[in-house]
Every structure is written in structure tokens, then in C-alpha cells.
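In case you want the letters, here they are:
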Amino acid sequence: HKLMRSHIFFVFIFIALFITSCNKSEDDGSGTGDAIIIAKKSGINTVYGVTLYAYSFSTFQSVKATNAVDATKTYTLKVNQGYKTNFYYETPDAEFTTTNPTATTFNFSAFIEYGVTDEFDDNLTDKVLALPTIEKAEYNLTSADLGVTWKSVPDADSYAINIFDGTSLVYSSPELVNTLKYFAVGSSSGWVAGVTPVIGKTYTVRVLAFLYEPNGDSYNIQSVSMADSDKPIAWGK
């Protein structure tokens, strides 16, 4: 399955980061970075890439990053969904590899509004979660919701459910505790603004498993692994 845009499937994380940044002092021009290993399925293989985030209370003008293991390559981050306090970079699909990224440090260099510059970094280990296994994803006519059941992913700190209409994200669950292995998606909350599930329309379900950095939390992610339903699910059928 093709990896959907990471700045979209991290909607709930971005909101948390944005709120955190807005709680900083308005005079604080400092930035924060997060490097995340992404694991997904491509054909019969599990492949890996890296997504980078930078966020600040102040407006970024530009953000670049380098990998301490290979400083010859520069990563240019871009604005995330119009929010200039949050920039991101994601590995292009063609550059995902079957080799897990090595442990390293990503060094960020940012130009912030009012001529302020800042440098910050994030350590990335080589630890990554196994891909989730979706056991069942089907619509329940009795409860009028779409139930998703998955196997527990060893060492996962939390989960999330995304639903796609083709390649467009239309639903994003809140972060789910790691003891859950079932979640029911109703028609009321979690859907993208202006979107209402349509009876008979088919959707793709994605389960995401999150591994925090050591002593981290959902503001500090080490890796994300994901799996899609093997076939589209018809809403209301």
C-alpha cells in the first residue's frame, strides 16, 4: 500500500504539538524537532523511511535538517497544512528501503521570524515496531458503526485509526491506549470537517502503532508502523 501523506495521518499529533507550542512564551523563539521512523508494507516487503517535524511558537521562515551519520544530505522541510509554526519532511515513496534506518541524530537549523535563527536536534534510535495486523474491519448494522480489531503490537505505546476515501484522509481517531485491540468508528466525531460517511460508500481502514522515544510521549515519537485493511469497507452495509 502506498504511504499516504504523513503530515495528514499525524493530524492528532500535530494538534498536540501546536497546542504545546502555543503554550510557550510568545518571546520564546526556540524550535523543537522530532525524527520518526515510518514502517509500512510495500508488496511483500516491510519498508522504512523517515519523517521529520519542526515546530515553534514563532513563525518559521525556513527549516533544514542534516543526518549526523550522513551530513552530505540536507533535508528541506516545508510548511505543514498552512501552519507556519510547524514544518515537515517525509521520505518520498521511491526512497523507502527494506533496511531499517540506523541510529543517528538529526540536526535542525531554522530561520524564525524577526531574524531569529535557532538550532536544535533529535536523537533517533534504530528501534521500530512490527507492522500491525488487522484481524477484522467491518460495519456493524446493529450498533451502526465500523468496528476495527487488531492484534496487539509488542512494545507499542499507543494506536490510532485512520480512514481514507481513496487517497484522502476522512477520519482520524484520538490517540488510543496500548491496551486496546478494538475500536468502533461512529458517524459523529473524528471525521474531517465537512465529511459525513455515506451509506454504501467504501473506505480503507488504517491502523497505526506508535513507539515513543525513551522516556517520551506522544510529543516525542520514535517510530510509527501501519497497516491497511486488505479490502475497502462499505459504510452502512
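The model shown is predicted, which means the values in this text are computed figures rather than measured ones. (Residues numbered from 1 in each chain as written. Predicted model: local features only at pLDDT ≥ 70, side-chain atom pairs only at ≥ 80, totals over all residues. Heavy atoms only, no water.)

(A) Fine view of the side chain of Asp145. Looking at the element boundaries, Asp145 is found in strand 9 (residues 145-150). Despite its burial, Asp145 pairs with no opposite charge, the nearest such side chain being Lys136 at 12 Å. A polar contact is formed between the side chain of Asp145 and the side chain of Ser143, at a distance of 2.7 Å. Apart from residues lying up to four places away in sequence, Asp145 is in contact with Glu138, Tyr139, Asn140, Tyr182, Ala184, Val185 and Gly186. (Helix = DSSP H or I, 4+ residues; strand = E, 2+ residues; numbered from the N terminus. Buried < 20%, exposed > 50% of the residue type's maximum accessible area, 1.4 Å probe, protein only. Lys, Arg positive; Asp, Glu negative; His and termini not counted. Salt bridge = Lys/Arg side-chain N within 4 Å of Asp/Glu carboxyl O. Polar contact = N/O pair within 3.5 Å; in protein donor to acceptor, adjacent residues only side chain to side chain. Contact = heavy atoms within 4.5 Å.)

(B) Fine view of the sheet that holds strand 8 (residues 134-140). In space, the three strands of this open sheet follow the order 8-9-13, with antiparallel pairing throughout. Unpaired on one side and paired on the other, strand 8 and strand 13 (182-185) mark the two borders of the sheet. Going across the sheet, the axis of each strand differs from the next one's by a mean of 15 degrees, ignoring polarity. Where strand 8 lies against strand 9, six bridges are found, and the strand directions are antiparallel. Directly across from Lys136, in strand 9, lies its bridge partner Thr149. (Pairing = 2+ DSSP bridges. Axes fitted to C-alpha atoms, helices over the stretch in contact; angles between N-to-C directions.)

(C) Quick look at the nonpolar core. Among the nonpolar cores identified, the biggest contains 24 residues, and Leu146, Trp150, Ile161, Ile163, Val185, Trp191 and Val205 are the most heavily contacted of them. Of all elements in the fold, only strand 8, strand 9, strand 10 (158-165), strand 11 (168-172), strand 13 and strand 14 (202-212) reach the threshold of two or more residues within this core. Here this core takes five residues from strand 14, the largest share from any one element. The contacts of Trp150, once residues within four sequence positions are left out, are Thr133, Ile134, Glu135, Tyr159, Ile161, Leu176, Leu180, Lys181, Tyr182, Phe183 and Val207. Core analysis: the next-biggest nonpolar cluster, separate from the first, contains 21 residues, Tyr48, Tyr75, Leu124 and Leu131 among them. (Core = buried A, V, L, I, M, F, W, Y, C linked by side-chain atoms within 4.5 Å.)

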